Amino acid sequence: MTEDGRRRGRDETEEERADRMWGELIQEVRVAQTGVQILFGFLLTVVFTPKYSQLASTDKGIYIGTVVLGACATGALIGPVSLHRLVSGRRVKPQAVRLASRMTFVGLVLLLATMTSSLLLILRVATHDGYVPYLVSAVVAWYLVCWYGLPLWARRRHTTEPGERPAPPKTEDGGPGRR
């Protein structure tokens with residue numbers, strides 16, 4: 001409870017917190033898994049198209065790197081499921097949640113790299129223009145803002161230390177709001 005009588009945070013045990021966090025993590029992983037599996041499946045088919053044999057060696061190198069990145073991203077994002085299955089019932093859920101969270105973060109970084117190299121390859125083949133690296137860089141910057149910049153900003157802006165009162169919300173005119 002805070003000084004003004006309001007509850008802060010959740011009243012849960014370490015195990016309850018681990019259960020809640022595990023459920024949240026699995027929901028997040030489901031979204032990323034679907035995306036990476038569709039992208040990876042598409043990438044696996046490219047080598048069997050007639051156009052593949054006509055690619056320049058640089059483009060084939062980008063393709064191979066992209067497939068390897070996609071395979072690694074798939075492994076990292078499916079890893080938490082295997083981890084849960086292998087440690088289920090062993091009373092290590094808090095540790096498993098931390099490890100699965102790290103695996104998911106690595107998977108998202110690898111997914112970013114896979115999407116970047118996929119975009120680079122597709123735009124190189126489609127346009128052969130010199131602006132492709134700039135366009136890819138702009139899209140990667142957008143990914144970085146959406147996936148990391150805004151979440152880290154929100155984390156820094158809205159996280160309070162234990163015992164610290166959260167700042168009141170701002171109104172449209174920038175002044176303090178009412179709770």
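The preceding data block contains the structure.
Figured I'd write up the structure that's included with this text. (Residues numbered from 1 in each chain as written. Predicted model: local features only at pLDDT ≥ 70, side-chain atom pairs only at ≥ 80, totals over all residues. Heavy atoms only, no water.)

It is worth spelling out the overall build of the protein at this point. Along the backbone of the protein there are four helices and zero strands. Secondary structure elements of the protein, listed N to C terminal, follow the sequence α-α-α-α. Long-range contacts, defined as pairs at least 24 residues apart, comprise 68% of the intrachain contacts of the protein with a sequence gap of at least 6. Surface exposure of the protein reaches about 12,500 Å², of which carbon and sulfur atoms provide 61%. (Helix = DSSP H or I, 4+ residues; strand = E, 2+ residues; numbered from the N terminus. Contact = heavy atoms within 4.5 Å. Areas by Shrake-Rupley, 256 points an atom, 1.4 Å probe, with all protein chains shown as cover.)

Before going further, it helps to examine the packing of aromatic side chains. Given two aromatic rings, one states the distance between the centres and the angle between the planes to describe the pair. For the structure on display, the rule yields four aromatic pairs. Ring plane angle 75° and centroid distance 5.8 Å describe the contact between Phe105 and Tyr148, whose orientation is recorded as edge-to-face. Note that Phe105 is positioned in helix H3 (residues 93–127) and Tyr148 in helix H4 (residues 132–158), a separation of 43 residues in sequence. We classify Phe105 as partly exposed; its relative accessible area is 47%. Accessibility expressed as a relative area gives 16% for Tyr148, which makes it buried. Cluster of aromatic residues (ring-pair linked, three or more members): Phe105, Tyr143, Trp147 and Tyr148. (Phe/Tyr/Trp six-rings, centres within 6.5 Å; stacked < 30°, edge-to-face > 60°. Buried < 20%, exposed > 50% of the residue type's maximum accessible area, 1.4 Å probe, protein only.)

A separate point is the pattern of salt bridges. The final tally for this structure, using the stated rule, is four salt bridges. A salt bridge links Glu24 to Arg20; the shortest N-O distance between them is 3.3 Å. Here Glu24 pairs with Arg20, and both are found in helix H1 (residues 14–46), just four residues apart, close to one helical turn. A single salt-bridge network, built from bridges that share partners, covers Glu12, Arg20 and Glu24. (Salt bridge = Lys/Arg side-chain N within 4 Å of Asp/Glu carboxyl O.)

Further remarks concern unusual backbone geometry. We note that Arg91 has phi near 60°; this positive angle belongs to a residue other than glycine. Classification of Arg91 as exposed rests on a relative accessible area of 77%. With phi around 55°, His128 is a residue other than glycine that occupies positive phi space. Looking at the secondary structure, you find His128 in the loop between H3 and H4. Look at His128 and you get exposed, because its relative accessible area is 63%.

Attention now moves to the packing of H1 against H3. Where H1 meets H3, the axes come as close as 9 Å, and the angle between the chain directions of the two elements is 25°. By the criterion of interaxial angle, the relationship of H1 to H3 is roughly parallel. Handedness of the H1/H3 crossing: left-handed. Residues Glu14, Glu15, Ala18, Asp19, Met21, Trp22, Leu25, Val29, Ala32, Val36, Leu39 and Leu43 of H1 touch H3, and the partners they reach there are Lys93, Pro94, Ala96, Val97, Ala100, Ser101, Thr104, Leu108, Leu111, Thr114, Met115 and Ser118. In terms of residue class, the contact of H1 with H3 is made up of 16 nonpolar, four polar and four charged. (Axes fitted to C-alpha atoms, helices over the stretch in contact; angles between N-to-C directions. Parallel < 35°, antiparallel > 145°, perpendicular 65-115°, else oblique. Left-handed = near helix turned anticlockwise from the far one by under 90°. Nonpolar A, V, L, I, M, F, W, Y, C, P; charged D, E, K, R; others polar.)

What follows deals with the environment of Gly65. By the element assignment, Gly65 lies in helix H2 (residues 57–87). Here the alpha-carbon distance between Gly65 and Thr114, two residues 49 residues apart in the chain, equals 8.4 Å.

On to the packing of H1 against H2. Each pair of packed helices can be summarised by the angle the axes make with each other and by the distance between the axes. At a closest axis distance of 9 Å, the pairing of H1 and H2 adopts a crossing angle of 150°. By the angle between their axes, H1 is roughly antiparallel relative to H2. With respect to the hand of their crossing, H1 and H2 are arranged in left-handed fashion. Contacts between H1 and H2 involve Trp22, Val29, Ala32, Gln33, Val36, Gln37, Phe40, Leu43, Leu44 and Val46 from the first element and Tyr63, Thr66, Val67, Gly70, Ala71, Ala73, Thr74, Leu77, Ile78, Pro80, Val81 and His84 from the second. Within the contact of H1 with H2, the residues separate by chemical class into 16 nonpolar, six polar and no charged.

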